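The residues making up each chain are set out below.
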Amino acid sequence: MMALPVIASAKDLSFSAFLWEWLGNAISESNVSVNFPITSRDIDVSIKPDENGDFTITWRTLLRQKGTPESPKESLKETTLTFVKTDSPNVWKDSKGGDVYAGESISWARLKKQTLTIYVMAISDAGDYDMQVYKRTLNGVNMELDFTAIRDGAIRRTAKGRLTLNNY
């Protein structure tokens, strides 16, 4: 039997509390979809450390936002990012360090109190920006997801959900 991490209600959690496999679901709300303004998503997150204090995070989302509301088509979206330490405590940058002016995204992560926040930003050819903010907060033995997608200052999608530890 595997030992589960103990997640206390602390002011500043150790990053090691996030290092696990998490499974759950979320409800997404969108103002850009007429047919799917509210959808259910299955989500999972895996956060794994390396020997240098850096980490890799993979998140998968089973989306149900295409097709018709009576018969939605499912699609799986998966993202993996590797973050490396910066000189600032509890701040990491994407190891690839994309060029936003060449259509690539940049990402960074921050741990503050009980929340690991990951920011992903890109700039369009027209100069608009897209930003996705993933706030993952540990609460007891649960991880709460608060996701916001912003395009040029306007919120276009949110998702809120809860994940629990995957006991394998």
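Residues numbered from 1 in each chain as written. Predicted model: local features only at pLDDT ≥ 70, side-chain atom pairs only at ≥ 80, totals over all residues. Heavy atoms only, no water.

*Asks:* Give me the lowdown on the overall build of the protein, citing residues and values where you can.
*Replies:* Secondary structure assignment for the protein yields 0 helices and 10 strands. Along the protein, from the amino end to the carboxyl end, the secondary structure elements read β-β-β-β-β-β-β-β-β-β. Its C-alpha radius of gyration of 17 Å places the protein within 12% of the 15 Å reference for a compact globule of 168 residues. Counting only C-alpha atoms and orienting by the principal axes, one finds that the protein spans roughly 45 × 40 × 25 Å. Expressed as a percentage of the 168 residues in the protein, the buried residues total 38%. Total accessible area on the protein stands at roughly 9,900 Å², and carbon and sulfur atoms take up 51% of it. For the protein, the distance from the average position of its 21 positive side-chain charges to the average position of its 21 negative side-chain charges is 5 Å. (Helix = DSSP H or I, 4+ residues; strand = E, 2+ residues; numbered from the N terminus. Rg over C-alpha atoms; globule rule 2.2 N^0.38 Å. Buried < 20%, exposed > 50% of the residue type's maximum accessible area, 1.4 Å probe, protein only. Areas by Shrake-Rupley, 256 points an atom, 1.4 Å probe, with all protein chains shown as cover. Lys, Arg positive; Asp, Glu negative; His and termini not counted. Charge placed at Lys NZ, Arg CZ, Asp CG, Glu CD.)

*Asks:* Let's hear about unusual backbone geometry: which residues, and what values?
*Replies:* A positive phi angle, close to 60°, is found at N90, a residue other than glycine. A residue is classified by how much of its surface remains accessible, and N90, at 40% relative accessible area, is partly exposed. In the Ramachandran plot, K113 falls in the positive-phi region, its phi being about 60° despite a non-glycine side chain. Among the structural elements, K113 can be located in the loop between β6 (106–112) and β7 (115–123).

*Asks:* Mind laying out the sheet that holds strand β5 (residues 91–94), listing which residues take part and the relevant values?
*Replies:* Strand order in this closed barrel of 10 strands is β1-β2-β3-β4-β5-β6-β7-β8-β9-β10, and the pairing throughout is antiparallel. Across the sheet, the axes of successive neighbouring strands diverge by a mean angle of 25°, strand direction being ignored. (Pairing = 2+ DSSP bridges. Axes fitted to C-alpha atoms, helices over the stretch in contact; angles between N-to-C directions.)

*Asks:* Mind laying out the nonpolar core, listing which residues take part and the relevant values?
*Replies:* The biggest cluster of nonpolar side chains holds 31 residues, and the ones touching the most others in it are F15, W22, I47, F55, I57, F83 and I118. The element that contributes the greatest number of residues to this core is strand β9 (residues 142–151), accounting for 4 residues. When near neighbours in sequence (up to four residues on either side) are disregarded, I47 contacts F15, F18, L19, W20, F55, T56, I57, L116 and M143. (Core = buried A, V, L, I, M, F, W, Y, C linked by side-chain atoms within 4.5 Å. Contact = heavy atoms within 4.5 Å.)

*Asks:* How would you sum up the pattern of salt bridges? Please name residues and give values.
*Replies:* By the definition in use, this model includes 7 salt bridges. Residue R60 pairs with D44 through a salt bridge whose shortest N-O separation is 2.6 Å. Of this pair, R60 sits in strand β3 (residues 55–68) while D44 sits in strand β2 (residues 38–49), and the two are 16 residues apart along the sequence. Because the salt bridges share partners, they merge into one network encompassing D44, R60 and E78. (Salt bridge = Lys/Arg side-chain N within 4 Å of Asp/Glu carboxyl O.)

*Asks:* Residue-level account of the environment of P69, with values.
*Replies:* Inspection of the secondary structure puts P69 in the loop between β3 and β4 (71–85). Given a relative accessible area of 44%, P69 falls into the partly exposed group. Sequence separation between P69 and T39 is 30 residues; the distance between their C-alpha atoms is 9.3 Å.

*Asks:* Can you lay out the pairing of strand β1 (residues 21–30) for me, pointing to particular residues and giving the numbers?
*Replies:* Strand direction decides the pairing type here: β1 and β2, joined by 9 bridges, are antiparallel. Residue pairing in the sheet places W22 in a bridge with V45 of β2.

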